[in-house]
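Next come the chains, spelled out residue by residue.
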Amino acid sequence: MILCVNADGRVKDAKSLPECDIAVFGFKGLGEVDYEEELKGVSDKFEDAARLSKSSACGVLCGCKTVSRGMARKSVAVADRGRLLGISDMNHVLDGEEFKSGSGLGFYNVSGVKVGVCIENDLLFPEGLSALSMCGCNLIVAFMEELKDGVPPLLIRAYAYLYGIPIVLCAGNMAYFAEVSGAIATSAQSVSLFDVSPKNRYHVVTTRTKGLYTDTREDY
């Protein structure tokens, strides 16, 4: 599976894409999207993403800031071959940030691949990525508006190794790809291509615990 990351690009400027299965755009991809303007037909940014996914015959994931009745969210729009599959929002808002929090995990079937979405602060909360792994995710795509320090690349490398899922991070104008082996690749190119090979490999893990006392039966 070929994944194309346009970290600093905009959807409306992308006349064509390199041959790929999934294309990823950062927060400049759609910019700010007002739901009311989209519904009234004043803007058609979500449709731009759907059209690009159709013309390029691939899935498209775009970072954006969505606005609804004055409330802003950090979001990701997901389209696949001409259809808008949905919009996911960042779930965790920290220290009085101006954004509204979302209320669920982003999980989509894109180009036949089970893709999980992780947005900005959500990367700091491993339970979300663990849940996506338990749900059978083949790939996680993480989005950050900018990279403030070196922690996020370390986190995706750890999560990819611990949860057995390749993770792509689009942060500012940078792209990162962490493999399940712990290897990580970094790119500052305007367009980066990563060859992703999702693998469903499992360990059988047993444990002992006290408690959970129940009556036993002898008549099985």
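Presented here is a report on the structure given in the accompanying data block. Quick caveat, the model's predicted, so the values are computed rather than measured. (Residues numbered from 1 in each chain as written. Predicted model: local features only at pLDDT ≥ 70, side-chain atom pairs only at ≥ 80, totals over all residues. Heavy atoms only, no water.)

## Description of the side chain of Asp 80
Within the secondary structure, Asp 80 is located in strand 5 (residues 71-80). If we skip the residues at most four places from it in the chain, Asp 80 touches Ser 53, Cys 58, Gly 59, Leu 85, Asn 109, Val 110 and Ser 111. (Helix = DSSP H or I, 4+ residues; strand = E, 2+ residues; numbered from the N terminus. Contact = heavy atoms within 4.5 Å.)

## Focus on the side chain of Glu 38
Among the secondary structure elements, Glu 38 is positioned in helix 1 (residues 35-40). Comment: no salt bridge for buried Glu 38; closest opposite-charge side chain is Lys 45, at 6.6 Å. In this structure the side chain of Glu 38 is engaged in a polar contact, spanning 2.9 Å, whose partner is the backbone nitrogen of Lys 45. The contacts of Glu 38, once residues within four sequence positions are left out, are Val 33, Ser 43, Asp 44, Lys 45, Phe 46 and Glu 47. (Buried < 20%, exposed > 50% of the residue type's maximum accessible area, 1.4 Å probe, protein only. Lys, Arg positive; Asp, Glu negative; His and termini not counted. Salt bridge = Lys/Arg side-chain N within 4 Å of Asp/Glu carboxyl O. Polar contact = N/O pair within 3.5 Å; in protein donor to acceptor, adjacent residues only side chain to side chain.)

## Things to note about the pattern of salt bridges
Opposite charge on two side chains permits them to pair, given that their charged atoms come into close proximity. For the structure shown, the criterion picks out 10 salt bridges. Of the charged contacts, one joins Arg 51 and Asp 44 as a salt bridge, the two residues approaching to 3.2 Å between their closest N and O atoms. A residue is classified by how much of its surface remains accessible, and Asp 44, at 33% relative accessible area, is partly exposed. We note a salt bridge from Arg 81 to Asp 80, for which the minimum N-O separation is 3.0 Å. For Arg 81, a relative accessible area of 43% gives the class partly exposed.

## Concerning the sheet that holds strand 9 (residues 139-144)
Spatial strand order, 7-8-9-10-11-12: 6 strands in an open sheet with mixed pairing. Strands with a single pairing partner mark the edges of an open sheet, and in this sheet they are strand 7 (106-110) and strand 12 (184-187). Pairwise comparison of adjacent strand axes, ignoring direction, gives a mean angle of 20 degrees for this sheet. Relative to strand 12, strand 11 (residues 174-178) is paired through 4 bridges, and the arrangement is antiparallel. Directly across from Phe 177, in strand 12, lies its bridge partner Ala 185. Against the sheet, helix 3 (residues 126-134) makes contact with strand 7, strand 8 (113-119), strand 9 and strand 10 (167-171), and its axis sits at roughly 175 degrees relative to strand 8, the strand it touches most. Contacting strand 9, strand 10, strand 11 and strand 12, helix 4 (residues 151-163) crosses the sheet at an angle of about 165 degrees to strand 10. (Pairing = 2+ DSSP bridges. Axes fitted to C-alpha atoms, helices over the stretch in contact; angles between N-to-C directions.)

So yeah, pure geometry; function would need other evidence.
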